[in-house]
Amino acid sequence: MQLNDFDFELPHQLIAQRPLETRSSSRLLHLSRGSQAVWHRQFDELPDLLREGDLLVRNETRVLPARLLGSKQSGGQVEVLLLRELDSEKNVWRCMTRSSRPLKVGTLVDFPAEINGEIVEVIEDGQRLVRFSSPGPFHEKLEQVGHMPLPPYIRRDDQPFDKDRYQTVYANNPGAVAAPTAGLHFTEETFTALSERNIEVCGVTLHVGPGTFQPVRTDNLQEHQMHSEVYDIPLTAAERINKAHTEGRRIIALGTTVTRTLEHAIDEDGLLCAGQGETELFIKPGHRFRMVDAMITNFHLPKSTLLVLVSAFAGRDFVLRAYQEAVAKGYRFFSYGDCMLIE
């Protein structure tokens, strides 16, 4: 499998730069793997498209306002993206940094709200370990002055509305640096409508990392290494998912992050294992899906691991044909764009 096999032409004007006024007013491209049919629908039709007894699994991670803008004592500007908290007691984080010159160990950086940072180690991929200090609880300060880490294809500075809209309405567990974007379309009214149709909902957590936006750098997909991401599957969620699975009811993955979590944490008997862990699972064509029966997902970048995953689920030719149709119909793409239901 070559990376170029997962390419498509996308006009720049179709890349959504802002969310729609109402979350649920997005369009929905409905794909049937069995019949290879494609229907053009609205997202608010979703509850009627799912089946009574389905179990929808959502990712309840919460996006951190993880971009901090500061300056060195020399005056040089520094941008820091917090990736993962490594030591909560000493407040040490794994970070990506941007500055005019590479930040050396011992460099001190001043941020708003009296947050201070010190580079304590340079690690792989040019990342740094940064120790932060602040006069109050660091996470509270971060919520006050941190910026939402919008994807690079959104070519504008983050705005106050992004703190709400680049977050699902059910976000609960802080730790992601990117939103599980398939969930951005859902409102409380959506979940009420699902409940009225006797469609169950439960949650797992996968903290989406920066690897979701990083380009694949190998032509041969077999050589690509996924970045590790932390997940947590509560016992109650695992029990409900396993019950639905053994009863033959459909498991609907709300997003590629849920798909990777469920497909990673399944045991030899085909049951989901509760607990915390990390996954580097790269789902490619040829993968045998053992837990996920249907998927709700946004549109993904050309030549991305997420497009490869969706192609593994529905077939590359079918997915690329559907993408071409979506382009022709003017669908909005990527994080703040429209979505798909693949059954």
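Residues numbered from 1 in each chain as written. Predicted model: local features only at pLDDT ≥ 70, side-chain atom pairs only at ≥ 80, totals over all residues. Heavy atoms only, no water.

Novice: I'm lost on the sheet that holds strand β16 (residues 294–298) in this one. Help?
Specialist: In sheet architecture, strand pairing relies on hydrogen bonds along the backbone and comes in two forms, parallel and antiparallel. A sheet is described by the order of its strands in space; here 9 strands give the open sequence β2-β1-β17-β16-β14-β3-β12-β13-β15, paired in mixed fashion. Strand pairing shows two members of the sheet lacking a second neighbour, β2 (38–42) and β15 (275–279), which therefore form its edges. Each strand of the sheet is rotated relative to its neighbour by a mean of 25 degrees, with strand direction disregarded. Here strand β3 (residues 55–59) pairs with strand β12 (residues 200–206) via 5 bridges, running parallel. Note that in β12 the partner of Leu56 across the bridge is Val201. (Pairing = 2+ DSSP bridges. Helix = DSSP H or I, 4+ residues; strand = E, 2+ residues; numbered from the N terminus. Axes fitted to C-alpha atoms, helices over the stretch in contact; angles between N-to-C directions.)

Novice: Explanation requested: the side chain of Asp54 in the structure shown.
Specialist: Structurally, the position occupied by Asp54 is in the loop between α1 (46–49) and β3. Note on Asp54: relative accessible area 2%, which makes it buried. In this structure the side chain of Asp54 is engaged in a polar contact, spanning 2.7 Å, whose partner is the backbone nitrogen of Arg51. The contacts of Asp54, once residues within four sequence positions are left out, are Ile199, Glu200, Arg250 and Ile252. (Buried < 20%, exposed > 50% of the residue type's maximum accessible area, 1.4 Å probe, protein only. Polar contact = N/O pair within 3.5 Å; in protein donor to acceptor, adjacent residues only side chain to side chain. Contact = heavy atoms within 4.5 Å.)

Novice: What's the story with the nonpolar core in this structure? I'm lost.
Specialist: Inside soluble globular proteins, nonpolar side chains tend to come together where they are buried. Leu29, Val57, Tyr166, Ile241, Leu262 and Phe333 are the most contacted members of the largest nonpolar core, which has 69 residues in total. With residues up to four places along the chain from it excluded, the contact list for Val57 reads Cys202, Val204, Ile241, Ile251, Ile252, Ala253, Leu254, Val258 and Leu262. Formed by 20 residues, the second largest nonpolar core is a distinct cluster that contains Leu64, Trp93, Leu103 and Ile119. (Core = buried A, V, L, I, M, F, W, Y, C linked by side-chain atoms within 4.5 Å.)

Novice: Would you mind going over helix α6 (residues 256–264) with me for this structure?
Specialist: Side chains three or four residues apart in an α-helix point the same way, a direct result of the helix having 3.6 residues per turn. With 8 of its 9 residues buried, α6 lies for the most part within the structure. When we look at burial in α6, the residues that qualify are Thr256, Thr257, Val258, Thr259, Arg260, Thr261, Leu262 and Glu263.

Novice: Please explain helix α4 (residues 188–196) as it appears in this structure.
Specialist: Among all positions of α4, only Thr190, Phe191 and Leu194 are buried. One face of α4 carries all of its buried residues, which in axial projection span an arc of 95 degrees. In α4, the exposed positions angled more than 90 degrees off the buried face are occupied by Glu189 and Glu196. Looking at the packing, one finds that the buried side of α4 touches α1, β3 and β12. Asn198 occupies a position one or two residues after α4 and carries a positive phi of about 60 degrees. (Arc of directions from axis to C-beta.)

Novice: I would appreciate a short explanation of the packing of aromatic side chains in the present structure.
Specialist: The description of two aromatic rings rests on the distance between their centres and on the angle between their planes. A full pass over the atoms with the stated rule returns 16 aromatic pairs. On the basis of an interplanar angle of 45 degrees and a centroid distance of 6.0 Å, the ring pair of Phe111 and Phe132 is categorised as tilted. Residue Phe111 is found in strand β8 (residues 108–111), and its partner Phe132 is found in strand β10 (residues 128–133); the two are separated by 21 residues along the sequence. Phe132 matches Phe111 in its accessibility class, with the two residues each being buried. Taking 6.1 Å as the distance between ring centres and 75 degrees as the angle between the ring planes, the aromatic pair formed by Tyr166 and Tyr336 counts as edge-to-face. Of the two residues, Tyr166 is situated in the loop between α3 (162–165) and β11 (173–176) and Tyr336 in the loop between α8 (316–328) and β17 (339–342); the sequence distance between them amounts to 170 residues. The pair formed by Tyr166 and Tyr336 is uniform in burial state, with each residue classed as buried. Between Arg27 and the ring centre of Tyr331, over which it is positioned, the NZ or CZ distance is 3.9 Å. The ring centre of Phe313 lies 3.8 Å from the NZ or CZ of Arg33, which sits over that ring. (Phe/Tyr/Trp six-rings, centres within 6.5 Å; stacked < 30°, edge-to-face > 60°. Lys NZ or Arg CZ within 6 Å of the ring centre and 35° of its normal.)

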